[in-house]
Amino acid sequence: MALSLEEQTRIDLAASLRIVAHLGMHEAVANHFSAAISDDGKQFLINPKWKHFSRVCASDLLLLDADDASTAERPEVDATAWSIHGQLHQRLPHVRVAMHLHPVYTTAISTMKSPQILPIEQNTARYFNRVSVDTMFGGMADTVAEGARLAGLLENNSRLLMGNHGVMVTGTDIGVAFDDIWTLERACQILITAQSTGQPLNVLSDEVAEKTARDWEGITDFSRQHFEEMKLLMIKQDPSFLD
């Protein structure tokens, strides 16, 4: 029997959380992923407050309504997650998936005075002129107003480098978003490693960087298959997330 949209989304979102934990890209019991299941995007799934990514199962995911302000009072809902993802899914129906992390290398880039992912090879070039940057960090993003501000920065871009904080990646589906945030962290690792040599960087021309970024945009099937392969790895390692 075919799974419903909600059932499949629960499995895939739980898988993405397990994969990120497996790769060490999570931060303690913080960070949050969400996925819309209604046409208007306002009904969405999100991981529960302070449960380690490596233990989240499909049935653990919370079903929230972005229009229901009382959601913020539920003890299993993280205030920051509600403030950010609630506003994203209320204001941006095209955002079907939103992944917020504090991965080491991407966060390190976010702390620079002028955060920039220089295109020095094909992973970094994927983000050429395609990342919004927020330099207005003011502490924990735990208010509706702050969530609305961040949503505004994602209105015309799918990625937000959150200065002195971390990153938010949005996408049309879980596979695309997962591969995007994975490649972003790898790109930042490559860039920081290259910078650490102290040698001048051979930065790609704007023309080559733009062509490479466009080429990336044409292979979403690659991104989805990357996710599917990682999901199979998680099933082999510990299929409990399917529950």
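Residues numbered from 1 in each chain as written. Predicted model: local features only at pLDDT ≥ 70, side-chain atom pairs only at ≥ 80, totals over all residues. Heavy atoms only, no water.

With respect to the UniProt feature "domain: Class II aldolase/adducin N-terminal" (unreviewed entry) in the protein chain
- Here, UniProt's "domain: Class II aldolase/adducin N-terminal" (unreviewed entry) annotation points to residues 11-192.
- Taken as a whole, residues 11-192 contains 36% helix and 17% strand, while its terminal C-alpha atoms sit 34 Å from one another. (UniProt positions renumbered as here; feature names shortened; annotations may be inferred. Helix = DSSP H or I, 4+ residues; strand = E, 2+ residues; numbered from the N terminus.)

Description of the sheet that holds strand S4 (residues 97-101)
- What the seven strands build is an open sheet, ordered S3-S2-S1-S4-S7-S6-S5; its pairing is mixed. In the strand order of this sheet, the two ends are held by strand S3 (62-65) and strand S5 (132-134), each with one partner. On average, each strand axis in the sheet is inclined to that of its neighbour by 20°, with strand direction left out of account.
- Of the strand pairs in this sheet, S4 and strand S7 (residues 166-171) are connected by five bridges, and their pairing is antiparallel. Counted as the bridge partner of Leu 101 is Val 167 from S7.
- Contacts between helix H2 (residues 79-91) and the sheet are confined to strand S1 (32-36), strand S2 (43-46), S3, S4 and S7, with S1 contributing the most and set at about 30° to the helix. (Pairing = 2+ DSSP bridges. Axes fitted to C-alpha atoms, helices over the stretch in contact; angles between N-to-C directions. Contact = heavy atoms within 4.5 Å.)

So, unusual backbone geometry
- Residue Asn 129 is not a glycine yet carries a positive backbone phi of 55°.
- Here Asn 129 lies in the loop between helix H4 (122-125) and S5.
- Here Asn 129 falls in the exposed class, since its relative accessible area comes to 65%.
- Notably, Asn 164 is not glycine yet its phi reads approximately 60°, a positive angle.
- By secondary structure assignment, the location of Asn 164 is in the loop between strand S6 (159-162) and S7.
- Judged by its relative accessible area of 46%, Asn 164 falls in the partly exposed class. (Buried < 20%, exposed > 50% of the residue type's maximum accessible area, 1.4 Å probe, protein only.)

Let's talk about the pattern of salt bridges
- Summed over all chains, the structure comprises 16 salt bridges.
- Note that Asp 179 is salt-bridged to Arg 126, the shortest N-O span being 2.9 Å. Residue Asp 179 is located in helix H6 (residues 174-196), and its partner Arg 126 is located in the loop between H4 and S5; the two are separated by 53 residues in the primary sequence.
- In this structure, Arg 149 and Glu 146 form a salt bridge, with 2.9 Å as the shortest nitrogen-oxygen distance. Pair noted here: Arg 149 and Glu 146 are both in helix H5 (residues 144-153), with a separation of three residues, about one helical turn.
- Exposure remark for Arg 149: the relative accessible area of 27% places this residue in the partly exposed category.
- Three or more residues joined by partner-sharing salt bridges are found here, namely Arg 130, Glu 210, Arg 214 and Glu 217. (Salt bridge = Lys/Arg side-chain N within 4 Å of Asp/Glu carboxyl O.)

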